[in-house]
Amino acid sequence: MNSIGATVLQMLKNEINEVDYQRYIKQLTFNSEDSKSNLAIYNAPNPLIANWIQTKYADKISHLFEIKTGVKPIVSICVKNTKSDKSSTTSQPLQQHSGEKPPVALLNPSYTFNNFVVGGSNNFAFVAAKNVSEKPGIVYNPLFIYGGVGLGKTHLMQAVGNVMLSQGKTVIYTSVEQFLNDFSRHLSNRTMDRFKDKYRKCDLLLIDDIQFLSGKNQIQEEFFHTFEALRNENKQIIITSDKHPKKIGGLEERLKSRFEWGLVADIQPPELETKIEIIKKKCEINRVKLDREVINYVATIIENNTREIEGILSKLNAYSQLMGVDINIEFARNVLKEQLAEKRLNITIDTIMDIVSKELNVKPSEIRSKSRNSNIVYARRIAIYLSRNLTPNSMPQLAHYFGMKDHTAVSHTMKKIQEIMKNDEDFKIKVDELANKISSMTNE
Ligand code: ADP
Ligand code: MG
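These numbers come from a predicted model, not from an experiment.

The rules behind these values
Residues numbered from 1 in each chain as written. Chains lettered and ligands numbered in written order. Predicted model: local features only at pLDDT ≥ 70, side-chain atom pairs only at ≥ 80, totals over all residues. Heavy atoms only, no water. Helix = DSSP H or I, 4+ residues; strand = E, 2+ residues; numbered from the N terminus. Buried < 20%, exposed > 50% of the residue type's maximum accessible area, 1.4 Å probe, protein only. Areas by Shrake-Rupley, 256 points an atom, 1.4 Å probe, with all protein chains shown as cover. Lys, Arg positive; Asp, Glu negative; His and termini not counted. Charge placed at Lys NZ, Arg CZ, Asp CG, Glu CD. Core = buried A, V, L, I, M, F, W, Y, C linked by side-chain atoms within 4.5 Å. Contact = heavy atoms within 4.5 Å. Arc of directions from axis to C-beta. Pairing = 2+ DSSP bridges. Salt bridge = Lys/Arg side-chain N within 4 Å of Asp/Glu carboxyl O. Patch = residues over 30% accessible without salt bridge, like charges linked within 9 Å, V, L, I, M, F, W, Y side chains within 5 Å.

S.K.: For this particular structure, what's the right way to read the overall build of the protein?
M.R.: The helix and strand tally for the protein stands at 20 helices and 8 strands. Counting only C-alpha atoms and orienting by the principal axes, one finds that the protein spans roughly 80 × 60 × 35 Å. Sorting the 444 residues of the protein into buried and exposed places 49% on the buried side. Of the roughly 22,000 Å² of accessible surface on the protein, 49% is carried by carbon and sulfur atoms. Across the protein, 60 positive and 51 negative side-chain charges occur, with their mean positions spaced 2 Å apart.

Okay, here's the thing in structure tokens:
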């Protein structure tokens, strides 16, 4: 007999692209033993695949269940526990999704303090979150963490959640949307007392991406009362946002001011070294083996959004498994070529000059001059090298632009810089980093 879980995957197959299905979805097995009508559990072979499917397809799968059974379950993609002999699973759902309210927060179990790489860009927020986890409700309440996409805000807030969960505390992790949905449902069911019980009796409330409260007046009011109730009881609140509370438009003043009552901590984009450490960490967690060269390369490809790392690792891993080869630098460059090619469509020499001159503190006119000053020669070489690699200009065109005699002068410079890159890793990283910066800027 075909289980409902398998039937749903067959339905999904008709709706998504073949590659995703063959490469990822096909590896899922339905865990009928632990699933319930409102909870559908699938097992995936590793955390990468589990995470990827959870993010990309959990909602769709949940919807297909609803079509088939009339109940919209929470879909949880778990990792098969390879350590035990039985084909049981670790009971570690990766994220919560839609459906009925869960009894406690379903946090991502890998979002821990141990798995968080600390660098200058996030040190402040990290220490703040760590303190809060040690003395919840006492040190800073609320803790407000803000910063750009993919910089680790959700990770940090859930790290506090995971600590408290392991102490048997009640933790609620929610988005504004979920909070709003829950509110509306209880309002129309006339069960507001249950709503209040749920949100006001927890030990830790995590509200992710609070900027979405903007302009939603009724829910702001409700959130205000929840906030007050929790704070009066010294229950910890952690909030994240993409901007400082002062800068969130369409938000009641009393909320803004309360968000600043505790501690406001920002996270900045990671430095290159932090990016490298994060990649190493993700490799360790996901059991992907990359050598130093590949790690450095991936670090230069990703922009500020750390979230890209998992996508890249999953891509490298999938290809290498598919083709049965190890991941070395040539392989990585090949696999990630398209990703970069797309970014490079709009790059011009002017953009390159602009960025190189700013980053290296040399004027564009100096780069194009005949000066032999070592800083200028350095910047000129890099500009030529990047222009050759990132734009479709020919050697004669480049010679013309940079005021060089002819294309052999360009070709000579290219050889020279390749030689330096071979012998000087720091220099190579710098060039790759500039290349990435240029790609990302022209992509915006
Ligand atoms: P945000 O909520 O700020 O958009 P997330 O917390 O979702 O970002 O982080 C995106 C991804 O990057 C997650 O997989 C997270 O584990 C990872 N990540 C971000 N910063 C770090 C860090 N400093 N150390 C380890 N992983 C990180
Ligand atoms: Mg987030």
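S.K.: Just to check I follow, could you spell out the nonpolar core for this structure?
M.R.: Considering soluble globular proteins, one finds that nonpolar side chains tend to be buried as a cluster. Counting residues in hydrophobic clusters, the biggest one holds 31 residues, and the most contacted among them are Val356, Ile367, Ile382, Leu386 and Phe402. Looking at this core element by element, the count peaks at 8 residues for helix 17 (residues 374-390). When sequence neighbours within four positions are dropped, the list of residues in contact with Val356 reads Asn361, Ile367, Ala379, Ile382, Ala383 and Leu386. Counting 27 residues, the second largest nonpolar core, distinct from the first, contains Val298, Ile302, Leu316 and Ile327.

S.K.: What is the right way to read helix 7 (residues 192-200) from this model?
M.R.: Three- or four-residue spacings in an α-helix give side chains the same orientation, since the helix completes a turn every 3.6 residues. Residues of helix 7 that are buried: Met192, Phe195, Lys198 and Tyr199. Within helix 7, the buried residues cover an arc of 120° as seen down the axis, which keeps them to one side. For helix 7, the elements touching its buried residues are strand 5 (171-175), helix 6 (176-188), strand 6 (204-208) and helix 8 (217-232).

S.K.: What is the right way to read the pairing of strand 7 (residues 236-241) from this model?
M.R.: Moving residue by residue along a regular strand, the side chains alternate between the two faces of the sheet. Of all 6 residues that make up strand 7, 6 are buried, and the element is covered over most of its length. A two-sided burial pattern is seen for strand 7, the buried positions comprising Gln236, Ile238 and Thr240 on one face and Ile237, Ile239 and Ser241 on the other. Note: strand 4 (residues 143-147) against strand 7, 4 bridges, orientation parallel. Looking at the pairing, Leu143 lines up with Ile238 of strand 7.

S.K.: Even after reading the chapter, I still don't get the pattern of salt bridges, so can you show me in this structure?
M.R.: Applying the stated criterion across every chain, the model contains 19 salt bridges. The salt bridge involving Lys130 is made with Glu134; its shortest N-O contact spans 3.8 Å. In this pair, Lys130 and Glu134 are both assigned in helix 4 (residues 123-134), 4 residues apart and thus about one turn of the helix distant. By relative accessible area, which is 53% here, Glu134 ends up exposed. When the shortest N-O distance is used, the salt bridge between Glu222 and Arg200 registers 3.0 Å. Of this pair, Glu222 sits in helix 8 while Arg200 sits in helix 7, placing them 22 residues apart in sequence. Salt bridges linked by common partners bring Asp182, Arg185 and Lys198 together as one network.

S.K.: Looking at this structure, I do not really get a nonpolar patch on the surface. What am I missing?
M.R.: Taken together, Leu322, Met323 and Val325 make up a surface patch of nonpolar side chains, about 300 Å² in accessible area. With respect to the element layout, Val325 can be found in the loop between helix 12 (307-323) and helix 13 (329-335).

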